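What the coordinates show
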Amino acid sequence: MSYGHFSEDGDEFIITTPETPRPWINYLSNGEYCGLVSNTGGGFSFYRDHRFHGVLRREFRQFSDDLPARLWYIQDERGEYWTANGLIDYDRYEARHGPGYTNIRVANNNISTRIEWFASPEIDGEFATFTIRNDSDKPQAFKVFSYLEFILGNFMQDAHERTFANLFLRAEPTTRGLALYNNRWSLDGAFAANDQWPLKAYVVSDTAPEGWTGNRDDFVGYKNSLLTPKLLKINGSLPPLEDTQTGIDPASIFQWNVTLEPGGEQSIALLCGVTGRDEAIPSITKQHVTEQRAACADYWSRLMDTVKVETPDRELNFMVNYWNKLQMMVNNWFGRGPSYYHKDQYPAMRDCCQDSYGVLPVIPEQTRAKLVRVFGFMFTDGRIGKGCNRVVYSEQPTDKADLALWMVLALKSYLVETGDETILDEVIPFLDGGESSLYDHLIRGLSRVADDTGPHGLPLIRNGDWNDALDMIGDKGVGESIWQAQFLCYCLREAETILARKNDAARIDAFNRIADQMERNLLDTQWDEKGGYFIRAFTDEGKRFGCSDNEEGYIYLNPQTWGVIAGVGTAEQQRKALEAVDRHLETDFGLMNLYPAYSRPDPGIGIISRFIPGHKENGAVFSHATAFHLIARAKLGDAEGLYRIYRKSLPCCRDQDVYKVEPYVHSQFAASPASPHQGEGAYHWLTGTAAWMFRAVVDFMLGVQPTEQGLQIKPCLPASFTAYTVTRTFRDTVYRIEARNPEGLATGTVQLVVDGEPIEGDTVPITSAARCHVAATLRPEEKVSG
Ligand code: GLC
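The following paragraphs examine the structure supplied in this document.

Rules used throughout
- Residues numbered from 1 in each chain as written.
- Predicted model: local features only at pLDDT ≥ 70, side-chain atom pairs only at ≥ 80, totals over all residues.
- Heavy atoms only, no water.
- Pairing = 2+ DSSP bridges.
- Helix = DSSP H or I, 4+ residues; strand = E, 2+ residues; numbered from the N terminus.
- Phe/Tyr/Trp six-rings, centres within 6.5 Å; stacked < 30°, edge-to-face > 60°.
- Buried < 20%, exposed > 50% of the residue type's maximum accessible area, 1.4 Å probe, protein only.
- Lys NZ or Arg CZ within 6 Å of the ring centre and 35° of its normal.
- Near = heavy atom within 4 Å.
- Polar contact = N/O pair within 3.5 Å; in protein donor to acceptor, adjacent residues only side chain to side chain.
- Areas by Shrake-Rupley, 256 points an atom, 1.4 Å probe, with all protein chains shown as cover.
- Nonpolar A, V, L, I, M, F, W, Y, C, P; charged D, E, K, R; others polar.
- Axes fitted to C-alpha atoms, helices over the stretch in contact; angles between N-to-C directions.
- Core = buried A, V, L, I, M, F, W, Y, C linked by side-chain atoms within 4.5 Å.
- Parallel < 35°, antiparallel > 145°, perpendicular 65-115°, else oblique.
- Left-handed = near helix turned anticlockwise from the far one by under 90°.
- Contact = heavy atoms within 4.5 Å.

**Digging into the sheet that holds strand 34 (residues 667-670)**
Spatially, the three strands line up as an open sheet ordered 33-34-35, and their pairing is antiparallel. Of all the strands in the sheet, just strand 33 (621-622) and strand 35 (681-684) have a single pairing partner and so form its edges. For strand 33 and strand 34, the ladder comprises two bridges, and the chain directions are antiparallel. Residue Val-621 lies in a different strand from strand 34, and its bridge partner there is Ala-670.

Pasting the structure below:
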């Protein structure tokens, strides 16, 4: 069954029933305040940090019942009530998610309602606009109630000890609404916390309510639920709130009495926001709300316009043009924390750097501040902290081995994208005191990883590398990671672009020598002759791991991918590695990250073997690793393989009853055939997948890639891509690339005509013009050279 589809342009996802198999959500944010909003208004919100500045209440059961929600109730003169969310009762329902907004239209009992929530780029909060229309032929009177439920600070305190946490709260009436305060707040959940939550939450309306309260109990009551609130069951009303309320289970419930003639309509707007304790609560008017809605639309359309593609593949266009960008922005703003599934995902440096890489073409300027902030999560000895929090928090060094390497990817791509080398001299702190340049941080981090090697001269895996869950094969400090060795070679060589900006010739030389030695070590160790692919690691006991010696987990995806991307095997080995992926790891919906899944816990392997088979890192179809792999296909010119795997990985091309989670964003994984839940998506939204899918398509498949000299055009295309366009902003110039591939080639030589002039080579030079038109034609290799 289908529960929804893209709009004609692909910029909206239209959901046609509230009975989706899971909550299908959107993230509404300006980068500071963030609200997760499902297709029935469910979801929580927070300010900057989902753990310490919770605003709307988060509960882990939200994943299964999607409550509490931002509810709007309508009660008619007969006492009948329903919601404008599509819960309880409805005749017609439609919800739309778009960048920065979500709306729901419901018709019931000849009454039409529409709610739209949106995030303003300027105000830290979420607006809701509610419209009700009387479609019947007689005048009618209604009570309308809006409902929100709060946390007010540390989410874990609310989750662990709600009645105790509530002892510190109060709600105060304001001119047009309510302000909520918390007298107790701590960063670590300490019982004896002795601080005020430094913020206050508020809810204000453009239309004065008849009555309102800050206490859930006044509305829902004991042994009732949000779907059968006591006040509505007894057809009651709320009085105006005149005094401070204490002893509350924090909520905001507003009541308006509305009378409508036949065809009559009324709109009410609400702003739920958060602000510093001493700052004034804004008041809102209809005009103000209209302006903020326009600002939201403008903000997102400018972001979306930075890279636009028109190809023969409609779903690819929609994902690249809209949904990958939205997903990348959310990950880039808030990391892997604010999830329906989990509280936290460490370690953050790795994810932050990849998120920056993905989103760079979309927000190059904002990426600078992000890198300056997250590179400071390092200790003086080059070890990296566990998080990258925006709320100050004491950091511990991580036990994952790979983190600093990702700094190279983020920094190199930043330099190439923007040309701004001043970032290298930014002075930033260390977590254990002192400071140095950002460049020095990079060198310390990279050098520490390069020095941390084991018996085969390969990097120690310690308690995990990119694969967090492979946490025990190197616990004794002897086990080594083949994948990390490949990635290290890649990073040491890629770092040259950064080092050259500092004329650091000696270090370029040193890094190249380490990379060359590492490559030789790999050539001696990484190839599994019997399996015909790259092995994964060596254990603390010196045993080969993730290879044909093992009964389970005998092939891993990442070494096949990165062996090719880093170019550290023979040409034949690289080709065979990709064939092995086809043979062992490909499923109908993407690539498994290992095969076969571990069937029982093995303390020597770690948590990966404790996950149920076919889920998470234990052999799931892992979207993030699949996305890496597309780049390996492009490197070897395997366009059909690349495109086949890409299509299989598209969430919008899955059976929605099987996949269950949102079709418009990537989930972290889908259960593999080893699981009875085969094909079911999980850990939606918060994953590096969108970033890598986006760049794999734009940079490597459509082949528009920034370099220091300009935009290189080097596609790797499926035969059906005979013509396409890419419009991409690069260093303040908007390039419109009209590409033709008349012979349906996978790869070839590109002939370029730039603003009407044929040019040599495959790179469009950097220009100061505002716009640049490029005609690119793909020709067979030999015709041009001959
Ligand atoms: C999660 C983490 C990421 C990690 C991956 C594999 O996606 O966010 O950092 O690399 O899992 O373990």
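Having seen it, we continue.
**Concerning the packing of aromatic side chains**
Aromatic rings considered in pairs are described by the distance between their centres and by the relative angle of their planes. Here the structure, examined in full by the defined rule, presents 48 aromatic pairs. When the ring of Phe-164 is compared with that of Phe-168, the centres are 5.3 Å apart and the planes differ by 80 degrees; the resulting orientation is edge-to-face. A relative accessible area of 23% places Phe-168 in the partly exposed class. If you follow Arg-58 out to its NZ or CZ, it ends over the ring of Phe-155, 4.5 Å from the centre.

**With respect to the site of the ligand**
Near the ligand lie ten residues; those nearest to it are Arg-350, Asp-351, Trp-466, Asp-468 and Glu-617. Between the ligand and Arg-350, the relevant distance is 2.9 Å, taken from an oxygen atom to a side-chain nitrogen or oxygen of the residue. A distance of 2.6 Å separates an oxygen atom of the ligand from a polar atom in the backbone of Trp-466. For the ligand, the accessible surface in isolation is 310 Å², of which the surrounding protein chains cover 99%. Across the shell around the ligand, the residue classes tally to two nonpolar, three polar and five charged.

**Overview of helix 19 (residues 689-701)**
Where burial is concerned, most of helix 19 is hidden: 13 out of the 13 residues are buried. Looking one or two places after helix 19, you find Gly-703, whose phi comes out positive at around 75 degrees.

**Examining the sheet that holds strand 21 (residues 307-310)**
The six strands are arranged 21-38-39-43-40-41 in an open sheet whose pairing can be described as mixed. Two strands bound the open sheet, and with one partner strand each, they are strand 21 and strand 41 (757-759). The mean inter-strand angle of the sheet, taken between neighbouring strand axes irrespective of direction, is 20 degrees. Pairing geometry for strand 21 and strand 38 (residues 723-730), over four bridges, is antiparallel. From the neighbouring strand, Val-309 faces strand 38, where its bridge partner is Val-726.

**Here's the deal with the side chain of Gln-668**
Tracing the backbone shows Gln-668 in strand 34. Owing to a relative accessible area of 7%, Gln-668 belongs among the buried residues under this scheme. Reaching out from Gln-668, the side chain makes a polar contact with the side chain of Lys-616 at a distance of 3.1 Å.

**Structural notes on the nonpolar core**
Across soluble globular proteins, nonpolar side chains show a tendency to be buried alongside one another. Membership of the largest hydrophobic core comes to 225 residues, with the highest contact counts inside it found for Trp-72, Phe-150 and Phe-375. In this structure, Leu-67, Tyr-81, Val-220 and Leu-238 belong to the second largest nonpolar core, which totals 16 residues.

**Structural notes on the packing of helix 7 (residues 314-334) against helix 19**
Across the interface, helix 7 lies against helix 19 with an axial gap of 9 Å and an inter-helix angle of 140 degrees. Our classification of the angle between helix 7 and helix 19 gives oblique. Judged by the twist between their axes, the crossing of helix 7 over helix 19 is left-handed. Of the residues in helix 19, those in contact with Leu-316, Val-320, Asn-324, Lys-325, Gln-327 and Met-328 of helix 7 are Ala-690, Ala-691, Met-693, Phe-694, Val-697, Val-698 and Met-701. Its residues assigned to classes, the contact of helix 7 with helix 19 shows ten nonpolar, two polar and one charged.

**Remarks on the pairing of strand 17 (residues 211-215)**
Note on strand geometry: in a regular strand, side chains alternate between the two faces of the sheet. Summarising burial for strand 17: five of the five residues are buried, a large majority. Relative to strand 19 (residues 250-260), strand 17 is paired through four bridges, and the arrangement is antiparallel. Directly across from Trp-212, in strand 19, lies its bridge partner Phe-254.

**Things to note about the environment of Gly-553**
Note on placement: Gly-553 falls in the loop between strand 28 (544-545) and strand 29 (555-556). Setting aside chain neighbours within four positions, we find Gly-553 in contact with Gly-546, Cys-547, Leu-594, Tyr-595, Pro-596 and Tyr-598.

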